[in-house]
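# Geometric and topological summary
This is what each chain is made of:
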Amino acid sequence: MTFTILLIFFIVRLYSLKISINHTQQLIKNGAKEYGAQNSKYLALTHILIYVGAAIESLINQDTFSLFNGLGFVLLLFGYLVLFHVIKTLGSIWTLKLFILPEHPIVKSGLYKITKHPNYYLNILPELIGVLLLTHATYTSVLLIPYAYFLYTRIVQEEKMMDL
């Protein structure tokens, strides 16, 4: 059951990738420059590895639904709701990569009043913790360590580029 839930969330995540690709193409046409490309690759790879590792552990564990699974599901749902809120708020400037336009708008409304980085703190972190709790992916959880480093690097890069 947890594998199926994880698969559904992963398919939704692939939909967000499609949105990102479309936005990326438009940003490049509008003169945006990409920063931190290598770090973006590491983020993407680690993100995928967490999903794959969690899926494998879910299949191996075949546990029944518990409080931890439920908490993971709630965190995943929360993270994805924030993801699509951020996509809607940022519109065509939202991507999975770090692109900056020559006249890049800085959004400071909505969730951006709470934190400069709602996509990272309110989407990605709850999402990945949710994935791990949903699937009881104990071994895969070690991937949060390199992911946290890559995410920290991304935040530093982003703040430097946009002078936040």
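Residues numbered from 1 in each chain as written. Predicted model: local features only at pLDDT ≥ 70, side-chain atom pairs only at ≥ 80, totals over all residues. Heavy atoms only, no water.

The contact between helix 1 (residues 2-29) and helix 2 (residues 37-61) brings their axes to 9 Å, and the two run at 160°. Regarding the angle of helix 1 to helix 2, the classification is roughly antiparallel. At the point where helix 1 passes helix 2, the crossing takes the left-handed sense. In this structure, helix 1 contributes Thr-2, Phe-3, Leu-6, Phe-10 and Arg-13 to the contact, and helix 2 contributes His-47, Tyr-51, Ala-54, Ala-55, Ser-58 and Leu-59. By residue class, the composition of the contact of helix 1 with helix 2 is seven nonpolar, three polar and one charged. (Axes fitted to C-alpha atoms, helices over the stretch in contact; angles between N-to-C directions. Helix = DSSP H or I, 4+ residues; strand = E, 2+ residues; numbered from the N terminus. Parallel < 35°, antiparallel > 145°, perpendicular 65-115°, else oblique. Left-handed = near helix turned anticlockwise from the far one by under 90°. Contact = heavy atoms within 4.5 Å. Nonpolar A, V, L, I, M, F, W, Y, C, P; charged D, E, K, R; others polar.)

Attention shifts here to unusual backbone geometry. Unusually for a residue other than glycine, His-136 sits at a positive phi of about 50°. Here His-136 is to be found in the loop between helix 4 (118-135) and helix 5 (144-162).

Moving on to helix 5. Its 19 residues place the ends of helix 5 26 Å apart at the C-alpha level, agreeing with the 27 Å of an ideal helix rising 1.5 Å per residue. Those residues of helix 5 that fall on the buried side of the exposure criterion are Tyr-147, Phe-150, Leu-151, Thr-153, Arg-154, Ile-155, Glu-158 and Met-162. In this fold, the buried residues of helix 5 make contact with helix 2, strand 2 (98-100) and helix 4. (Expected span 1.5 Å × (residues − 1). Buried < 20%, exposed > 50% of the residue type's maximum accessible area, 1.4 Å probe, protein only.)

This brings us to the environment of Ala-37. On the secondary structure map, Ala-37 appears in helix 2. Taking the C-alpha atoms as reference points, Ala-37 and Leu-98, separated by 61 residues in sequence, lie 7.5 Å from one another.

What follows covers the packing of aromatic side chains. All told, the structure shown has six aromatic pairs when counted by the stated rule. Each ring, one from Phe-9 and one from Phe-73, has its centre 5.8 Å from the other, and the planes form 70°; the classification is edge-to-face. Of this pair, Phe-9 sits in helix 1 while Phe-73 sits in helix 3 (residues 67-90), and the two are 64 residues apart along the sequence. Residue classification places Phe-9 among the buried positions, given a relative accessible area of 8%. (Phe/Tyr/Trp six-rings, centres within 6.5 Å; stacked < 30°, edge-to-face > 60°.)

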